[in-house]
Amino acid sequence: KMLVLALVGLGGVVLILNPSADIDPIGAAAALTATALVARSSLWLKNWPVTDIFRLTAWQLTLGGLMLVPIAFLVEGMPKALTLHELPGLLWVSLLNSSFAYWAFSRSIKKIGADSMAMISMLNPVAAVTLGIFLVGEVLGPYQWLGISIVMLSLLLMVRMKQKAVRKASLKGL
């Protein structure tokens, strides 16, 4: 049942996409591959006896970035020198937007479990669209609103199913 609800939620995420978007197939394939790898690593992290999530996150981001350097040189060439004007943006993206978010995600997997984090991650596109509405005045079409509703409903049903399972397990333990 949870898998069906996850697939329904994924269908809602697809509906949230802007219908006029010109989706790059290579980018979409890379995003799906990254999602699959994050899902796999989330399951590993759930069972891995790690006590220092901060250190683990730092090493993962450092090693992942170092692995991407040769590819970036091949695809983009030598980067231009940073100016003082660009430095705050780089710090924002690297420290707060990536490092802190990844640390919080990794810590949350250890605290609430990979299955709950997978459910919560469906809120990412909903949050992005909501920010677009409030910050840049984007207007959603009926399919996008339907997609948001489907995502929220599937998450609500997943939470209710998980709560029932926890109650049933606690009653068996009595």
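Anything mentioned here points back to the structure above.
Described in the following lines is the structure provided in the data block.

### Notes on the overall build of the protein
So, point 1. Regarding its fold elements, the protein presents seven helices and zero strands.
So, point 2. The order of helices and strands in the protein, counted from the N terminus, is α-α-α-α-α-α-α.
So, point 3. Seen through its C-alpha atoms, the protein measures out along the principal axes to roughly 65 × 45 × 30 Å.
So, point 4. The buried share among the 174 residues of the protein stands at 17%.
So, point 5. Of the contacts formed within the protein by residues at least 6 apart in sequence, a portion of 81% connects residues at least 24 apart.
So, point 6. Here the protein holds 14 positive side-chain charges and 7 negative ones, and the gap between their average locations is 25 Å.

### Regarding the environment of Gly 27
So, point 1. Relative to the assigned elements, Gly 27 resides in helix H2 (residues 25-47).
So, point 2. For the pair formed by Gly 27 and Ile 112, sequence separation is 85 residues and the distance between their alpha carbons is 31 Å.

### Structural notes on a nonpolar patch on the surface
So, point 1. Where nonpolar side chains cluster on the molecular surface, the patch consists of Leu 82, Leu 84, Leu 87, Leu 90, Leu 91, Trp 92, Val 93, Leu 95, Leu 96 and Phe 100 and spans about 1,000 Å² of accessible area.
So, point 2. Of note, Leu 87 is situated in helix H4 (residues 87-112).

### Brief notes about a positive patch on the surface
So, point 1. Judged by side-chain charge, Lys 1, Arg 160, Lys 164, Arg 167, Lys 168 and Lys 172 come together as a positively charged surface patch.
So, point 2. Residue position: Arg 160 is located in helix H7 (residues 142-172).

### Side note on the nonpolar core
Inside soluble globular proteins, nonpolar side chains tend to come together where they are buried.
So, point 1. Listed in full, the 12 residues of the largest apolar core are Leu 5, Val 13, Ile 16, Met 119, Met 122, Val 126, Val 129, Leu 140, Ile 148, Val 151, Leu 155 and Met 158.
So, point 2. Among the elements that make up this core, the one with the highest residue count is H7 (four residues).
So, point 3. Excluding anything up to four places from it in sequence, Met 119 contacts Met 2, Leu 155, Met 158 and Val 159.
So, point 4. Membership of the second largest hydrophobic core comes to seven residues, among which are Leu 45, Ile 109, Ala 114 and Met 117.

### Remarks on the environment of Glu 138
So, point 1. Along the chain, the position of Glu 138 falls in the loop between helix H6 (123-136) and H7.
So, point 2. Other than its neighbours up to four places away in sequence, Glu 138 contacts Gly 132 and Ile 133.

### Considering the packing of helix H5 (residues 114-121) against H6
So, point 1. Where H5 contacts H6, the two axes come as close as 5 Å, and the packing angle between them is 30°. By the criterion of interaxial angle, the relationship of H5 to H6 is roughly parallel. Between H5, through Met 119, Ile 120 and Ser 121, and H6, the contact on the second element is made entirely by Leu 123, Asn 124 and Pro 125.
So, point 2. Tallied by class, the residues present in the contact of H5 with H6 amount to four nonpolar, two polar and no charged.

### Some points on helix H1 (residues 2-16)
So, point 1. In this model H1 runs 21 Å from its N-terminal to its C-terminal C-alpha over 15 residues, within 8% of the 21 Å that 1.5 Å per residue would give.
So, point 2. When H1 is considered as a whole, its buried residues turn out to be Leu 5, Gly 9, Gly 12, Val 13 and Ile 16. Buried residues of H1 fall within an arc of 105° about the axis and therefore sit on the same side. Exposed and facing more than 90 degrees away from the buried side of H1 are Leu 3, Val 4, Leu 7 and Val 14.
So, point 3. Residues of H1 that are buried in the fold lie against H6 and H7.

Parameters and conventions
- Residues numbered from 1 in each chain as written.
- Predicted model: local features only at pLDDT ≥ 70, side-chain atom pairs only at ≥ 80, totals over all residues.
- Heavy atoms only, no water.
- Helix = DSSP H or I, 4+ residues; strand = E, 2+ residues; numbered from the N terminus.
- Buried < 20%, exposed > 50% of the residue type's maximum accessible area, 1.4 Å probe, protein only.
- Contact = heavy atoms within 4.5 Å.
- Lys, Arg positive; Asp, Glu negative; His and termini not counted.
- Charge placed at Lys NZ, Arg CZ, Asp CG, Glu CD.
- Patch = residues over 30% accessible without salt bridge, like charges linked within 9 Å, V, L, I, M, F, W, Y side chains within 5 Å.
- Areas by Shrake-Rupley, 256 points an atom, 1.4 Å probe, with all protein chains shown as cover.
- Salt bridge = Lys/Arg side-chain N within 4 Å of Asp/Glu carboxyl O.
- Core = buried A, V, L, I, M, F, W, Y, C linked by side-chain atoms within 4.5 Å.
- Axes fitted to C-alpha atoms, helices over the stretch in contact; angles between N-to-C directions.
- Parallel < 35°, antiparallel > 145°, perpendicular 65-115°, else oblique.
- Nonpolar A, V, L, I, M, F, W, Y, C, P; charged D, E, K, R; others polar.
- Expected span 1.5 Å × (residues − 1).
- Arc of directions from axis to C-beta.

Fair warning: the whole summary comes from geometry, so function is off the table for now.
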